[in-house]
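Notes for the structure review
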Amino acid sequence: MRQQYFVLVLAHSLHGRLRRVQIPHQALYIALSALAVCSLVFLGICSSYMRMSWKVANYNSMRQEVETLRSRYRTLQKEANQKTEQLASLQVLANEVSVAYGIKQKLEGPADISSDSNLLPTFRESLNEYDFLKSATYSMVHRNIVKQWQLNVRPSLWPVYGRLMSSYGSRSDPFSGEGAFHTGVDVSAPTGTPVRAAADGVVTHAEWSGRYGMLVVIEHGNGMQTFYAHLSRFNVVPGQEARQGQVVAYSGATGRVTAPHLHYEVRVGGTPINPYPYLTKTSLVAVHKDFPF
């Protein structure tokens with residue numbers, strides 16, 4: 001049985017010769033199938049290219065939006081830090097004025113004695129009255145002693161001898177490389193270097209504290225605290241009184257660090273502030289001759 005085929009007739013325009021070309025059905029079907037497959041592949045390639053182009057354009061748009069948001073975040077962070085420093089300065093000034101002029105005690109009218117519970121002062125009222133009487137007694141009887149005590153509770157001692165690695169304020173995070181705000185100063189010190197209290201106070205924390213590692217916190221009164229972080233071991237316990245210059249711990253590399261050093265903070269009302277005004281400038285120059293002031 002002969003195979004079915006198509007006949008394609010070709011005619012020359014000048015000589016009038018005719019030529020017949022036989023095209024089998026199977027060959028025609030194969031050619032049409034190949035053409036359909038090529039068309040589908042071409043359409044797939046075009047679709048993939050258009051989808052990739054759309055994703056690239058969308059990615060570039062999102063990247064530009066992220067950069068814009070990051071820039072706005074940095075600006076807002078800078079403004080927030082400035083506001084925080086201003087608020088801390090105002091709190092310190094208010095405390096100093098309150099102590100200087102003896103206006104801590106509030107003027108209140110006679111208490112309502114309709115119930116027995118009002119006859120007894122609360123714990124906070126008793127504590128405020130005790131603070132007021134103590135400051136008034138010291139001011140009138142032991143003025144020179146009070147001046148010395150007020151001098152010692154103000155952080156003014158460099159806690160460890162070493163090279164200043166990182167200052168207070170904006171910096172690049174040593175782990176992520178992103179912009180970050182450094183809440184204190186870092187001083188390089190080999191592991192085991194004695195860390196001294198910057199002022200008189202009471203130890204409130206001597207324990208592990210997350211990224212700070214082994215941390216000592218000393219309360220100096222009027223909402224002022226000093227933080228000593230990344231320690232190797234403690235020399236005090238919570239509740240213990242610490243005197244200015246007393247060894248409270250030893251430096252180390254605990255917590256989130258890249259090398260042994262001491263992280264030192266000064267906080268007022270729980271807010272980290274610039275520790276430089278609370279350090280003895282002559283001591284800093286003597287210890288850190290390469291740091292400009």
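Residues numbered from 1 in each chain as written. Predicted model: local features only at pLDDT ≥ 70, side-chain atom pairs only at ≥ 80, totals over all residues. Heavy atoms only, no water.

**Things to note about the nonpolar core**
Condition: Only buried Ala, Val, Leu, Ile, Met, Phe, Trp, Tyr and Cys residues count toward a nonpolar core, and they belong to the same one when joined by side-chain atoms within 4.5 Å. Relative accessibility decides the category of a residue: with a 1.4 Å probe and only protein chains considered, values under 20% of the type maximum give buried, values over 50% give exposed, and everything between is partly exposed. Helix numbers and strand numbers start at the N terminus; a helix is a DSSP run of H or I with at least 4 residues, a strand a run of E with at least 2.
Core analysis: the biggest nonpolar cluster contains 32 residues, and V216, I218, Y228, L231 and V248 have the highest contact counts within it. Here this core gets four residues from one element, more than from any other, and that element is strand β13 (residues 261–268). Within the second largest apolar cluster, five residues are counted, among which are L215, V217, F227 and A229.

**Concerning the confidence of the model for the chain**
Let me state the cut-off plainly: Along the chain, pLDDT gives the predictor's confidence residue by residue, from 0 to 100. Only heavy atoms enter the contact rule, under which two residues are in contact if any of them lie within 4.5 Å.
Here the chain averages 77 in pLDDT, while 72% of its residues score no lower than 70. Across the chain, element-level confidence peaks in strand β12 (residues 247–251) with a mean pLDDT of 96 and bottoms out in helix α4 (residues 281–287) with 42. Considering only residues more than four positions removed or in separate chains, one finds that residues 282–293, a stretch of pLDDT under 50, has 15 contacts.

**Describing the packing of aromatic side chains**
As a reminder, the rule being used: Between the rings of Phe, Tyr and Trp (Trp by its six-membered ring), a pair exists once the centres lie within 6.5 Å; its type follows the angle of the planes, with under 30 degrees stacked, over 60 edge-to-face, and the other angles tilted. Here, a charge over a ring is recorded when the distance from Lys NZ or Arg CZ to the ring centre is within 6 Å and its angle to the ring normal is within 35 degrees.
Overall, the coordinates contain three aromatic pairs when judged by the stated rule. Ring centres of Y168 and F181 lie 5.2 Å apart, and the angle between their planes is 85 degrees; on these two criteria the pair is classed as edge-to-face. Remark: F181 occurs in strand β5 (residues 179–182) and Y168 occurs in the loop between β3 (164–166) and β4 (169–172); sequence separation between them is 13 residues. With a relative accessible area of 23%, F181 lands in the partly exposed category. Measuring from centroid to centroid gives 6.2 Å for Y212 and F227, while their planes differ by 50 degrees, and the two rings are tilted. On the criterion of sequence distance, the pair formed by Y212 in the loop between β8 (201–208) and β9 (214–221) and F227 in strand β10 (residues 224–234) is long-range, its members being 15 residues apart. In this structure Y212 comes out as buried when scored by relative accessible area, which is 9%. Over the face of the ring belonging to Y250 we find R233, whose NZ or CZ atom lies 4.0 Å from the ring centre. For the cation-ring pair, R267 lies above F227, with the distance from its terminal atom to the ring centre recorded as 4.3 Å.

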